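Geometric and topological summary
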Amino acid sequence: MMETAEKKKQPSYMLIWFVLLVLTIVEVGVAYVSSLPRNVLIVVLVGLAIWKATLVAMYYMHLKFERLRLILLATAPLPLAIILIVAILLEHAR
Amino acid sequence: MNEAITLPGGVTAEPGMRIYNQKLGMWIFLASEVMFFTGLIGAYIILRFGTTAWALPGVPLEEGGTPLAINLTAFNTFMLICSSVTMVKAFAAIEHGDQKGLRRYLVATVLLGAAFVGIQVVEYIALAHEGFLPRCSEELAAVVPNCDLFGSTFYTMTGFHGTHVSIGVLCMIWVTVKAFRGKYTKENHGGVEVIGLYWHFVDLVWIMLFTIVYLI
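Residues numbered from 1 in each chain as written. Chains lettered and ligands numbered in written order. Predicted model: local features only at pLDDT ≥ 70, side-chain atom pairs only at ≥ 80, totals over all residues.

Details of the overall build of chain B
Within chain B, the regular secondary structure consists of six helices and two strands. Starting at the N terminus and ending at the C terminus, chain B contains elements arranged as β-β-α-α-α-α-α-α. Structurally, chain B occupies a C-alpha span of about 70 × 35 × 20 Å along its principal axes. Counting every position in chain B, which comprises 216 residues, the buried fraction comes to 35%. (Helix = DSSP H or I, 4+ residues; strand = E, 2+ residues; numbered from the N terminus. Buried ≥ 20, exposed ≤ 12 C-beta atoms within 10 Å, placed from the backbone.)

Below, the structure written as C-alpha cells:
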C-alpha cells in the first residue's frame, strides 16, 4: 500500500523529538533573557520556529521521503504565504 | 493502493500522484490550511505593526508586559511535540504490523492532545479572570498596551488552532477505536497515516503561533 513508507529509511523519531525539545527551551530562553536588539531577536525566534516546523514536516510528516510531485503539492502554498507576509512587512516598513 | 485502479466500465488507470486518494485529499486540505493560518498571521502583523506599543514577554505586567503565562504554554507546546512523536510512533508500529504498539501510541496521542486542549481551557479561564478578553477589563487596559487588540488577535489565533486540535482529538479517538477493533493492518493503515498528517500539521502550526503570539 505504502510504497514510500516501505522504501524510506526509518528516521530516529526520538532524536527529532529531542531536537524539538531543545529548540523550544532555547526559544523560551532567548525570548526571556536575551539582550539582543528587538529586530535581531525576532529574526532569531522566527528562524528557530521555521527550523522546528521544517523538522516536523520532513521527518514526522515524511516529506523528506515522499515523491517529488507530492513534495511540490505540499509546498505549493509556501511561496504564496511568503509573498503575503513579505508584502505586509514591506508595507509597514514604508 | 499505488497500483492501477479500475474505473467504471472496466477501464484501468494509474493515479497520477501515485498515492491513495485519502492521503492526496489530506495534503490538498493541508495546503489550503497553510493559507488559512497565513491569513490570520498576516492580519496579526498588520494590526500589531500598525500600533505604537505592544505587550512584550519578559516585562512585568505593570510595565506593559504580557498577561500571558508563557511557562505554562511552553509546557503545553512540549505536550504537543510529545503527541507528535507518539503519533509517528503509532504509524511506525502499524507499518511493522505491531497492533499493540499502534494502540498504545494512539491512546497516548489522544491523551496528550486532550491535555493540550485542557491546559488551553485552563489558560483561557485564568486570563478571563484577570480581565484579559477580546474586550479587556479597565484595570488591565490601563497597563497592557492596546489590550483589546491584543486580546482579539490572541483569542482568534489560538482559538482557531485549539478548534483544530479538538477536531483532531475527536478524529484520533475514532481512529483509536478502529485500531482496537483491529481494522488496521500492516498492509492497510491509510487511516492512521492520514490522521497523522493532520496531527503533525496542527503541531507545526502551533510551533509558529507559539513563537509569533507568545514570544515575539
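Thoughts on the interface of chain A and chain B
Counting from both sides, the interface comprises 39 residues of chain A and, opposite them, 39 residues of chain B. Where the side of chain A that touches chain B is concerned, the elements lending two or more residues are α1 (3–7), α2 (13–33), α3 (38–60), α4 (68–75) and α5 (77–93) of chain A. At 10 residues, α2(A) tops the list of elements feeding residues into the side of chain A that touches chain B. In terms of residue class, the side of chain A that touches chain B is made up of 31 nonpolar, three polar and five charged. (Contact = placed C-beta atoms within 7 Å. Nonpolar A, V, L, I, M, F, W, Y, C, P; charged D, E, K, R; others polar.)

Some thoughts on the confidence of the model for chain A
Residues and elements named next belong to chain A. Within chain A, residue pLDDT values average 87, and 89% of them lie at 70 or more. Averaged pLDDT values over the elements of chain A bottom out at 47 in α1 and peak at 94 in α3. Residue range residues 1–7 is modelled with pLDDT below 50. Its contacts to residues more than four positions away, or to other chains, number nine contacts. (pLDDT = per-residue confidence, 0-100.)

Quick notes on the environment of E138(B)
Summarising the element assignment, E138(B) is placed in helix α4 (residues 138–143). Note on E138(B): 8 C-beta atoms within 10 Å, which makes it exposed.

Here we look at α3(A)
All names here are of chain A. The end-to-end C-alpha separation of α3 is 32 Å, in line with the 33 Å expected for 23 residues at 1.5 Å each. Of all the residues in α3, the buried ones are L45, A49, K52, V56, A57, Y59 and Y60. Residue H62 follows α3 closely and has a positive phi angle near 65°. (Expected span 1.5 Å × (residues − 1).)

Observations concerning the nonpolar core
Counting 66 residues, the largest nonpolar core has A90(B), L102(B), L106(B) and V192(B) as the members making the most contacts within it. Mapped by element, the contributors of at least two residues to this core are α2 and α3 of chain A together with α1 (21–49), α2 (70–95), α3 (99–130), α5 (147–180) and α6 (190–215) of chain B. A total of 18 residues in this core trace back to one element, the largest contributor, which is α6(B). What A90(B) contacts, discounting residues up to four positions off in sequence, is L102(B), Y105(B), L106(B), T109(B) and V192(B). (Core = buried A, V, L, I, M, F, W, Y, C linked by C-beta atoms within 7 Å.)

Section: the packing of α2(B) against α3(B)
All names here are of chain B. One way to put it is that α2 packs onto α3 with a least axis distance of 8 Å and a crossing angle of 160°. When the axis of α2 is compared with that of α3, the two are roughly antiparallel. Handedness of the α2/α3 crossing: left-handed. Residue classes in the contact of α2 with α3 are distributed as 16 nonpolar, eight polar and two charged. (Axes fitted to C-alpha atoms, helices over the stretch in contact; angles between N-to-C directions. Parallel < 35°, antiparallel > 145°, perpendicular 65-115°, else oblique. Left-handed = near helix turned anticlockwise from the far one by under 90°.)

What to know about α3(B)
Side chains three or four residues apart in an α-helix point the same way, a direct result of the helix having 3.6 residues per turn. Residues and elements named next belong to chain B. Taking 1.5 Å of rise per residue, the 32 residues of α3 would be expected to cover 46 Å, and the 47 Å separating its terminal C-alpha atoms lies within 8% of that figure. Those residues of α3 hidden inside the fold are in contact with α2, α5 and α6. Of the residues flanking the end of α3, it is G131, one or two places downstream, whose phi is positive at about 95°.

Here we look at the environment of I71(A)
All names here are of chain A. Relative to the helices and strands, I71 resides in helix α4. You can call I71 partly exposed: it has 16 C-beta atoms within 10 Å. Put simply, I71 and M58 are 13 residues apart on the chain and 9.8 Å apart in space, counted from C-alpha to C-alpha. Here I71 is in contact with L63 and E66, once residues within four sequence places are set aside.

A closer look at unusual backbone geometry
Residue and element names in this part refer to chain A. For H62, which is not glycine, the phi dihedral falls at a positive 65°. Relative to the helices and strands, H62 resides in the loop between α3 and α4. Classification of H62 by C-beta neighbours within 10 Å gives buried; the count is 21.

Some thoughts on the confidence of the model for chain B
Of the residues in chain B, 92% reach a pLDDT of 70 or more, and the chain-wide mean stands at 90. At the level of chain-chain contacts, confidence expressed as ipTM amounts to 0.88, with global pTM at 0.90.

Section: the environment of V205(B)
Residues and elements named next belong to chain B. Residue position: V205 is located in helix α6. Sequence separation of V205 and H161 is 44 residues, and the distance between their C-alpha atoms is 7.8 Å. V205 has contacts with F37 and H161, leaving out every residue within four places of it along the chain.

Some thoughts on the packing of α2(B) against α6(B)
Residue and element names in this part refer to chain B. Close contact between α2 and α6 brings their axes to 10 Å; oriented N to C, the two are set at 160°. With respect to their mutual orientation, α2 and α6 come out roughly antiparallel. The two elements α2 and α6 cross, and the hand of that crossing is left-handed. Listed contacts from α6 to I70, T73, T77, L80, I81, S84, M87, V88, A90, F91 and I94 of α2 are V192, E193, G196, W199, H200, D203, W206, F210 and Y214. Its residues assigned to classes, the contact of α2 with α6 shows 13 nonpolar, five polar and two charged.

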